[in-house]
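# An overview of the molecular structure
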Amino acid sequence: MPQNHILQTRQDKINKSLENSYDLIIIGGGITGCGTALDAAARGLSVLLLEKGDFASGTSSKSTKLIHGGLRYLKQFEFALIRETGRERALLHKLAPHLVVSEKMMLPITETGEYGKMFTSLGLGIYDYLAGVKGEDKKKIISVKKAKKKEPLLTTDGLNGAAVYSEYRTDDARLTMANAMTAERYGATCFSYMEVTDILEKKGKVNGVIVEDALTGLSYTYKGRQVVSATGPWVDKVLDIVDDNTEQKLQLTKGVHIVVAKDKLPVSQSIYFEVGDGRMIFAIPRAGVTYIGTTDTFYRKSLNHIEVTAEDADYLLQAVNRAFDTIDLTADDIISSWAGLRPLIYEEGKSPSELSRKDEIFISDNGLISIAGGKLTGYRKMAERMVDLVIKRDKKLERKESSTENIYLHESPLADAAAVVTYRKAVRKIIKDTTKSKVKASMLVHMYGLRADHILENYNDSTETDRDLALTLAELDYCIEYEYVYRPSDFVIRRSGMLYFDPLRLEKYYRDIAQRMSEKLNWDQDEYENQLSKLENMIAESKNFH
Ligand code: FAD
């Protein structure tokens, strides 16, 4: 592969990493792996994290992107889970106020619904209590009139009122990236595009891994005192590497989201509504779009290519059309979509919605530690438990408590929600020559926090007369330089969120993006055409279903 400074820097980092052996090797760069890397590095462990694709390329970029206690878990009486995740919400907001933002949810109460006013009020009361929600953020039950005033789109027929309660919204891939980058600030070494292909043992105990570098095809061996598999849906596959006869630990379910333009479903706030089959789904406004999800169906196909089917899309469209009687969405209105797999703990005879979302840790006979289940929201506590265990198992490691509840997920954190608003206004002024500058400023600040300054610097330096293109390339340049972007999907899905939240801008500029990446990463003509065609397929697949 032709070298340039980006790839050379990566190769230098690999060469340096090969000189060390590690206290902890983590397989998997989703939220669980990156959160664990941060917790361990902050306690002084030497940490190596290996991700086979891009950071967050598994489930951690395909969620509903909520930091929530999980109201539905009340039904399963999972009070401990609600308490833990509920309390994490406010903490994550404090640690990353640009990225974890407060979001009011509305839950319509209907005559035909499963829950009446009394039950909803009681349930949300317990929910707030468990999560320690205080003051103005506590749930409110409102009348039909007030509900319609807040959300005129709601179907009036059969509406009995609504509940309004507090949650938080995030960007899952950026939260994962923030953990990876913060872990590196604390001394961890994190690689994307490094697949663990084998696990090494000495005297029957795990002591390292063999990896293949997907960018160069080269293979490397790393030694580590302990190895953790935080591979989400791939946990069973990694267990198969060490023992073919391991019993199935996971039950995967697929969750699909579809995206429509804001004017096709102009909800004024996030709505959590009943589908009619005992399930509930969200409609969430973000940037210039509204996204709707999710489905929950058993999944047994490819882990690396998860398709949205016409049936998945139809389920969500019908649910929306029922809940909002003036809305008549069709498949043609879908401008983007995503599908992810829940790595749930296997339980005989349960339906997808009944399976617990609790996390569990398994230790194999050779000492490989696997973690699965859980939620994005609870990742910090999962990481803490995992590192507690790693330390307990190794007498050589210093007994140190987790400190992540005091570690900001940004090197220059914004102080609070008010500082985020002030910065957003300043950013908007700078990019005033772009179209939809308010939405773009909001996205830049949400995704990058004060790191957006680098993007603005690139933007100001650009002589490109199309200012929307100038901003797109300014963002891309920053991401290639500082955020490990090697493939178009790294940028358009997991750094900028453009494929999901600004797909029309992507359709306009995707060739420019591929061209710029080709120049920056020294792709030859074949590589350029290959990457461009993958990008075109990705855009087409996100809105065409079979
Ligand atoms: P992943 O993100 O899948 O990470 C595992 C990583 O391991 C992958 O990136 C993979 O490439 C890598 N890997 C696999 N094998 C190897 C190997 N051999 N070598 C190197 N790397 C490897 N939770 C919430 O709190 N809020 C929500 O709103 C929410 N919504 C959801 C909606 C849906 C549709 C789904 C599916 C889940 C949702 N969740 C939500 C749950 C949450 O997204 C997951 O619990 C979480 O993202 C799982 O993260 P993970 O790191 O364990 O797995």
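Presented here is an overview of the structure given in this document. Predicted model only: the values in this text are computed from it and were never measured.

## Some points on the overall build of the chain
A tally of helices and strands in the chain yields 17 helices and 18 strands. Here the C-alpha radius of gyration of the chain, 23 Å, is about what a compact globule of 546 residues would show, namely 24 Å. Structurally, the chain occupies a C-alpha span of about 70 × 60 × 45 Å along its principal axes. Each of the 546 residues in the chain was classed as buried or not, and the buried ones make up 59%. Excluding contacts between residues fewer than 6 apart, the proportion of contacts in the chain whose partners are at least 24 apart in sequence is 72%. A total of about 23,000 Å² of accessible surface is found on the chain, and carbon and sulfur atoms cover 50% of it.

## Quick look at the environment of S270
By the secondary structure assignment, S270 is in strand 12 (residues 270–274). Each C-alpha atom of the pair S270 and I284 lies 4.5 Å from the other, and the pair is 14 residues apart in sequence. Contact partners of S270, with chain neighbours within four places excluded, come to E103, K104, M105, M106, A283, I284 and P285. Within polar-contact distance, the side chain of S270 engages the side chain of E103 at 2.4 Å.

## Regarding the pattern of salt bridges
Scanning all chains against the criterion turns up 32 salt bridges. The salt bridge partner of D333 is K264, with a shortest N-O separation of 3.5 Å. Of the two residues, D333 sits in the loop between helix 8 (310–323) and strand 16 (334–345) while K264 sits in the loop between strand 11 (250–261) and strand 12, which places them 69 residues apart along the sequence. On the basis of relative accessible area, D333 is assigned to the buried category, the value being 15%. Among the salt bridges present, the one from R451 reaches E411, with a minimum N-O distance of 2.8 Å. One end of the pair, R451, is in the loop between helix 11 (437–448) and helix 12 (452–461); the other, E411, is in the loop between helix 9 (379–392) and helix 10 (417–430), with 40 residues separating them in the sequence. Here the residues in one salt-bridge network are D54, R174, E411, R451, E483, D490, R494 and R495, joined through shared partners.

## Details of a positive patch on the surface
There is a patch of like positive charges on the surface, built from R83, R87, K134 and K138. Secondary-structure assignment places R87 in helix 3 (residues 79–95). Since its relative accessible area comes to 42%, R87 is described here as partly exposed.

## Topic: helix 12
Within helix 12 the residues assigned to the buried category are A452, I455, L456 and Y459. Axial view of helix 12: buried residues confined to an arc of 100°, hence all on one face. Across helix 12 from its buried face, at more than 90 degrees, point the exposed residues E457 and D461. Summarising the contacts, the buried residues of helix 12 are in contact with helix 10, helix 11 and helix 13 (467–482).

## Examining the site of the ligand
Around the ligand sit 37 residues in total, of which T32, E51, S60, L66 and T377 are the nearest. Within the backbone of G58, a nitrogen or oxygen atom sits 3.4 Å from an oxygen atom of the ligand. Across the complex, the protein chains shield 96% of the 1,000 Å² of accessible surface that the ligand would expose by itself. Elements that contribute at least two residues to the shell around the ligand include exactly helix 2 (31–42), strand 8 (194–202), strand 11 and strand 16. Residues of the shell around the ligand, tallied by class, amount to 11 nonpolar, 19 polar and seven charged.

## Here we look at unusual backbone geometry
Each neighbour pair has its own omega, and for G293 with T294 the value is 20°, a cis peptide bond. Examined against the element boundaries, T294 turns out to sit in the loop between strand 14 (289–293) and strand 15 (297–298). We note that K203 has phi near 50°; this positive angle belongs to a residue other than glycine. Along the chain, K203 falls in the loop between strand 8 and strand 9 (205–213). Here K203 falls in the exposed class, since its relative accessible area comes to 79%.

## What to know about the packing of aromatic side chains
What the rule picks out here adds up to 14 aromatic pairs. For the pair W338 and F501, a centre-to-centre distance of 6.0 Å together with 65° between the ring planes defines the contact as edge-to-face. Taken together, the positions of W338 in strand 16 and F501 in helix 15 (residues 498–501) put the pair 163 residues apart, joining distant regions of the chain. Here W338 falls in the buried class, since its relative accessible area comes to 2%. These aromatic residues form a ring-pair network of at least three members: Y291, W338, Y500 and F501. Here the guanidinium or amino end of R487 rests over the ring plane of Y193, the centre of that ring lying 5.7 Å away.

## Topic: the packing of helix 10 against helix 11
Between helix 10 and helix 11, the least distance of the axes is 9 Å, while the angle of their chain directions is 130°. As far as their axial angle goes, helix 11 and helix 10 are oblique. Here the hand of the crossing between helix 10 and helix 11 comes out right-handed. Of helix 11, the residues touching helix 10 (which contributes V420, Y423, R424, V427 and R428) are S437, K438, A441, S442, L444 and V445. The residue makeup of the contact of helix 10 with helix 11, split by class, is six nonpolar, two polar and three charged.

What counts, and at which threshold
- Residues numbered from 1 in each chain as written.
- Predicted model: local features only at pLDDT ≥ 70, side-chain atom pairs only at ≥ 80, totals over all residues.
- Heavy atoms only, no water.
- Helix = DSSP H or I, 4+ residues; strand = E, 2+ residues; numbered from the N terminus.
- Rg over C-alpha atoms; globule rule 2.2 N^0.38 Å.
- Buried < 20%, exposed > 50% of the residue type's maximum accessible area, 1.4 Å probe, protein only.
- Contact = heavy atoms within 4.5 Å.
- Areas by Shrake-Rupley, 256 points an atom, 1.4 Å probe, with all protein chains shown as cover.
- Polar contact = N/O pair within 3.5 Å; in protein donor to acceptor, adjacent residues only side chain to side chain.
- Salt bridge = Lys/Arg side-chain N within 4 Å of Asp/Glu carboxyl O.
- Patch = residues over 30% accessible without salt bridge, like charges linked within 9 Å, V, L, I, M, F, W, Y side chains within 5 Å.
- Lys, Arg positive; Asp, Glu negative; His and termini not counted.
- Charge placed at Lys NZ, Arg CZ, Asp CG, Glu CD.
- Arc of directions from axis to C-beta.
- Near = heavy atom within 4 Å.
- Nonpolar A, V, L, I, M, F, W, Y, C, P; charged D, E, K, R; others polar.
- Phe/Tyr/Trp six-rings, centres within 6.5 Å; stacked < 30°, edge-to-face > 60°.
- Lys NZ or Arg CZ within 6 Å of the ring centre and 35° of its normal.
- Axes fitted to C-alpha atoms, helices over the stretch in contact; angles between N-to-C directions.
- Parallel < 35°, antiparallel > 145°, perpendicular 65-115°, else oblique.
- Left-handed = near helix turned anticlockwise from the far one by under 90°.

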